[in-house]
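Structure assessment
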Amino acid sequence: MSLTESSKSVFTEEEEKEESFNALWIKEALDELPHNFTITDPFISGHPIVFASLGFLKMTGYSKEEVIGKNGKFFQGPKTNRRSIMEIREAIREERSIQVSLLNYRKSGSPFWMLFHMSPVFGKNDGKVIHFVAVQVPISRREHHRKLRNVSGDLSDHFGSCRREVCFGNFVHQDRALPLECDDDDDDDEQGLEDWEHCEASESEKLKAVEAINNVLSILKRYIELSGRLVCGKRYCLRGADCLSSSLVISLGRIKQSFVLTNPCLPDMPIVYASDAFLTLTGYKRQEVLGQNCRFLSGVDTDFSVLYEMKECILKGQSCTVQILNYSNRKDKSTFWNLLHISPVRNASGKTAYFVGVQVEASCRNTESKELRPETKQLSVVGAVRVAVRSSFMVTC
Amino acid sequence: MLLKIKRVPTVVSNYQKDETVEEGGCGRNCLSKCCINGARLPLYTCKNLDKSIGEKSESPVMFLESLVLGEWEDRFQRGLFRYDVTSCETKVIPGKYGFIAQLNEGRHLKKRPTEFRVDKVLQPFDGNKFNFTKVGQEELLFQFEASNDDDDDKGIQFFPNMPLDADNSPSVVAINVSPIEYGHVLLIPRVLDCLPQMIDHKSLLLALQMAIEAANPYFRLGYNSLGAFATINHLHFQAYYLAMQFPIEKASSLKMTTTNNGVKISNLLNYPVRGLLFEGGNSIKDLSDTVSDASVCLQNNSIPFNILISDSGKQIFLLPQCYAEKQALGEVSSKLLDTQVNPAVWEMSGHMVLKRKEDYEGASEEKAWKLLAEVSLSEERFKEVNTLIFEAIGLSSHEEEEEELEEQSSMNGGFIRRVHCPSVKEEAVSN
């Protein structure tokens, strides 16, 4: 089984066997680490956790089954600092590391402060981000108290401090540290800390985080070297050429309807992204459609004049909506009428980078009075794709 | 002395003509008495949000978002916009803050500039000038209403084809035909009431509800007062999608105080514009009312300002400015004037639309910072304005001490310390 333990396989039997062996090895290696950490896969819709260390499960009080498949947001709550959440989201979007104090919630509902350190994991061949690793180091209040009692003077260099008022943005404020008042003693548990607006980790906690990240990354890197594959065994894009950035994939993954992105700049205009809903509609696996031109959906009875009309629109860079007979790969190999809308999509450079194709199965066009019109829904997918592609400044044609 | 500046107004509607040209009869399918009968629009009524504070509202399909995007794309494909905003090059300026620059040569018309009075933030509505009852109905996307407080927890209600009831003072969402970004819309509260451009409690609450309902941190709402580069004196908010953080959202903040109804007010730090950040509140209405109180105070004191509703309605920035006054008094350098950047709410937030290629190519964080620093109130003036605002909200200095004593005696996990404005930085006091 791969790290994701998915029942859907994207590889041949032989590849799978090799895959499971490797996956087992890496899981064992990861399980041996004492740290609290999670590994996420940005190429799965929802950017979920695909691996959680035993330490993480212990820290949060959840079982593995309760955590795998969840997004990191799951552990946040009402007192989690909004700014920190935004910072993490931006770091993911920009595919870079981040270290920030964060308030999380255990299964019991009790909140706790921890130092959150996240790093992207890059694939071997194309240098694209394939995973994110996040390490969590709990911030201890007791440690602060004890040390503060004994030391005077400027404490900010050595010990963490908790500030109630200053809410940190991306840039650490150069203020002096405000030492905690210590009328409470060691009996006091972590309880009061969660009301603080910010809790700076100590230097030793920061070092722990860095050490943990490095340990996890070195295991993952070794795996990638050996197998040349993604850790989770799933491929979400073309090998090598024109793999979409993880942040674009995350954005597109939020769109729940059936659609594909094709790249008109590549020969034969292949599919470079296919939503989960598209795969469900057509009955194909992602592996089977990526890199292919959409014509595999056409068949004997597909109206070729309609296909010609589409081709003309694409050449002219225009949008069009057509009704076309498609052939699925579902169990019954049924055909279906596809109300297909295609449109060119520009990226930040202002030039057309993709074409989006949004499929609506004709029989599903329910005109329920309390819902958006199907045409509006279809166009909303186009709009959402436009926003995602335009804001994904790293995509080039 | 009457302060005026000359500007070319932004065209937000295809029916917006020169001020001097008077439109006669109609046939343009507008919103005035001549055409409104039989007008139909989708109607979106948002749920009673006060009940959902603290709850995670998981709507599987982002309904309002689909409505906005779907309708906008429809108008986009129908060619109702003056240009294709997605064909305008855009980039993030390298630097700590990541200011966002766009090269948009088509937004600003090469027309004769019009005079705008900038010394009065409150000016009466003038029916002769362009206003939103004159937009064509095809520019309207849908009606947006808040639910009644009296209603039970009804949830979202949607009617795809609801007649516009002129007697019921509908609020509408329209396209901005000169968009800054994809999805640029205008929220016009109670459009037929012809309210002038000024903040009132009900309208700000509606805007906040829209931000919450859209449930997307990349969909922000903005407001420009007169004198802070609003071009149309008919109450409206703006919104659009940009899927990255605005520089202002990255700025750190220093908490000043918390109001009686739980609204936290902070100062922005390390940002070229001095402003206030409002968050929290015991309810959405509390947050909205506090900001409204502050805005009304600024309006009454003729201080121009911008408002940015961010983070799906969890954060509201209030940014007073003085650029128009400086311009009118001839205090702005020609270098800055030549860029023709009018610092409205989006520019204040760090999203700069530039009309000249040379400005776009040469865009730098330093330049952006410099421009915004000119727009900002001075430290001294800002402190004065803060005092005014705090008084208006009901947080004067002597009240503070009484409240402090009350707070100390109630141990409810987290003592909230008030800072006496304008002198700051007292020692932290623990619980």
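This is a predicted model, so every value here is computed, not measured. (Residues numbered from 1 in each chain as written. Chains lettered and ligands numbered in written order. Predicted model: local features only at pLDDT ≥ 70, side-chain atom pairs only at ≥ 80, totals over all residues. Heavy atoms only, no water.)

Counting secondary structure elements, chain B contains eleven helices and 17 strands. Burial statistics for chain B: of 431 residues in total, 58% are counted as buried. Within chain B, contacts between residues separated by at least 24 positions form 74% of all contacts whose residues are at least 6 apart in sequence. Of the roughly 17100 Å² of accessible surface on chain B, 48% is carried by carbon and sulfur atoms. (Helix = DSSP H or I, 4+ residues; strand = E, 2+ residues; numbered from the N terminus. Buried < 20%, exposed > 50% of the residue type's maximum accessible area, 1.4 Å probe, protein only. Contact = heavy atoms within 4.5 Å. Areas by Shrake-Rupley, 256 points an atom, 1.4 Å probe, with all protein chains shown as cover.)

Below, the discussion takes up the UniProt feature "domain: GDPGP1-like C-terminal" (unreviewed entry) in chain B. In the numbering adopted here, UniProt assigns the feature "domain: GDPGP1-like C-terminal" (unreviewed entry) to residues 247-394 of chain B. Strand forms 22% of residues 247-394 of chain B and helix 46%; the C-alpha atoms that close the span are 31 Å apart. (UniProt positions renumbered as here; feature names shortened; annotations may be inferred.)

Residue and element names in this part refer to chain B. Note that serine 169 resides in the loop between strand 7 (157-163) and strand 8 (172-175). Placed 85 residues apart in sequence, serine 169 and aspartate 84 show a C-alpha to C-alpha distance of 33 Å. Setting aside its immediate chain neighbours within four residues, serine 169 contacts Glu145, Arg190 and Asp193. A distance of 2.7 Å separates the side chain of serine 169 from the side chain of aspartate 193, its partner in a polar contact. (Polar contact = N/O pair within 3.5 Å; in protein donor to acceptor, adjacent residues only side chain to side chain.)

Moving on, we get to the environment of aspartate 31 of chain A. Residue and element names in this part refer to chain A. Topologically, aspartate 31 is positioned in helix 1 (residues 13-31). Taking C-alpha positions, aspartate 31 is 6.7 Å from leucine 54, a pair spaced 23 residues apart along the chain. Other than its neighbours up to four places away in sequence, aspartate 31 contacts Phe51 and Leu54.

Our next topic: the pattern of salt bridges. This structure, assessed with the given rule, holds 26 salt bridges over all chains. Residue aspartate 268 of chain A is joined to arginine 295 of chain A by a salt bridge in which the shortest nitrogen-to-oxygen separation is 2.9 Å. Residue aspartate 268 of chain A is located in the loop between strand 9 (259-262) and strand 10 (271-274), and its partner arginine 295 of chain A is located in the loop between helix 9 (286-289) and helix 10 (304-316); the two are separated by 27 residues in the primary sequence. Look at aspartate 268 of chain A and you get partly exposed, because its relative accessible area is 44%. For the salt bridge of arginine 381 of chain B with glutamate 384 of chain B, the shortest nitrogen-to-oxygen distance reads 3.0 Å. Highlighted residues: arginine 381 of chain B and glutamate 384 of chain B, both in helix 10 (residues 379-393), separated by three residues, approximately one helical turn. Connected through salt bridges with shared partners, the residues Glu90, Arg93, Glu94 and Arg96 of chain A form a single ionic network. (Salt bridge = Lys/Arg side-chain N within 4 Å of Asp/Glu carboxyl O.)

Residues and elements named next belong to chain A. With respect to topology, five strands assemble into an open sheet ordered 10-9-13-12-11, the strand pairing being antiparallel. Both outer strands of the open sheet, strand 10 and strand 11 (320-327), are each paired with one neighbouring strand and no more. This sheet shows a mean twist of 30 degrees between the axes of neighbouring strands, independent of strand direction. Note that strand 12 (residues 335-346) and strand 13 (residues 352-361) share nine bridges and pair antiparallel. Bridge pairing in strand 13 places leucine 340 opposite glutamine 359. (Pairing = 2+ DSSP bridges. Axes fitted to C-alpha atoms, helices over the stretch in contact; angles between N-to-C directions.)

What follows is about the packing of helix 2 (residues 201-214) of chain B against helix 4 (residues 284-300) of chain B. Packed helix pairs are specified by the crossing angle of their axes together with the interaxial distance, meaning the distance between the axes. Residues and elements named next belong to chain B. Contact geometry of helix 2 with helix 4 gives a least axis separation of 9 Å together with a crossing angle of 130 degrees. Between helix 2 and helix 4, the angle is such that the two are oblique. By crossing handedness, the relation of helix 2 to helix 4 is classed as right-handed. Across from His201, Leu204, Leu205, Leu208 and Ile212 in helix 2, the residues of helix 4 making contact are Ile284, Lys285, Leu287, Ser288, Asp289, Val291, Ser292, Asp293 and Val296. Here the contact of helix 2 with helix 4 is composed, by residue class, of eight nonpolar, three polar and three charged. (Parallel < 35°, antiparallel > 145°, perpendicular 65-115°, else oblique. Left-handed = near helix turned anticlockwise from the far one by under 90°. Nonpolar A, V, L, I, M, F, W, Y, C, P; charged D, E, K, R; others polar.)

Time to look at unusual backbone geometry. All names here are of chain A. One non-glycine residue, aspartate 268, lies in positive phi territory at about 65 degrees. For methionine 269, which is not glycine, the phi dihedral falls at a positive 45 degrees. Within the secondary structure layout, methionine 269 lies in the loop between strand 9 and strand 10. Classification of methionine 269 as buried rests on a relative accessible area of 16%.

Moving on: helix 4 of chain B. With 17 residues, helix 4 of chain B ought to run about 24 Å at 1.5 Å a step, and its terminal C-alpha atoms sit 24 Å apart, in line with that. Positive phi appears at serine 302 of chain B, one or two residues downstream of helix 4 of chain B, with a value of about 55 degrees. (Expected span 1.5 Å × (residues − 1).)

Considering the arrangement of structural elements, one finds serine 380 of chain A in helix 11 (residues 374-391). In sequence terms serine 380 of chain A and lysine 107 of chain A are 273 residues apart; their C-alpha atoms lie 37 Å from each other. When sequence neighbours within four positions are dropped, the list of residues in contact with serine 380 of chain A reads Ser66, Leu69 and Gly70 of chain B.

Here we come to the confidence of the model for chain A. Detailed reading of the predicted coordinates is not advisable wherever pLDDT falls low. Residue and element names in this part refer to chain A. For chain A, per-residue confidence averages 79 on the pLDDT scale, and 73% of positions sit at 70 or higher. Looking at the elements of chain A, mean pLDDT is at its lowest for strand 7 (residues 166-167), recorded as 42, and at its highest for strand 9, recorded as 96. Of the regions scoring below 50 in pLDDT, residues 1-11 engages in 27 contacts with residues more than four places distant in sequence or in other chains. Taken together, the stretch residues 145-191 has pLDDT below 50 and engages in 100 contacts with residues farther than four places along the chain or on a different chain. (pLDDT = per-residue confidence, 0-100.)

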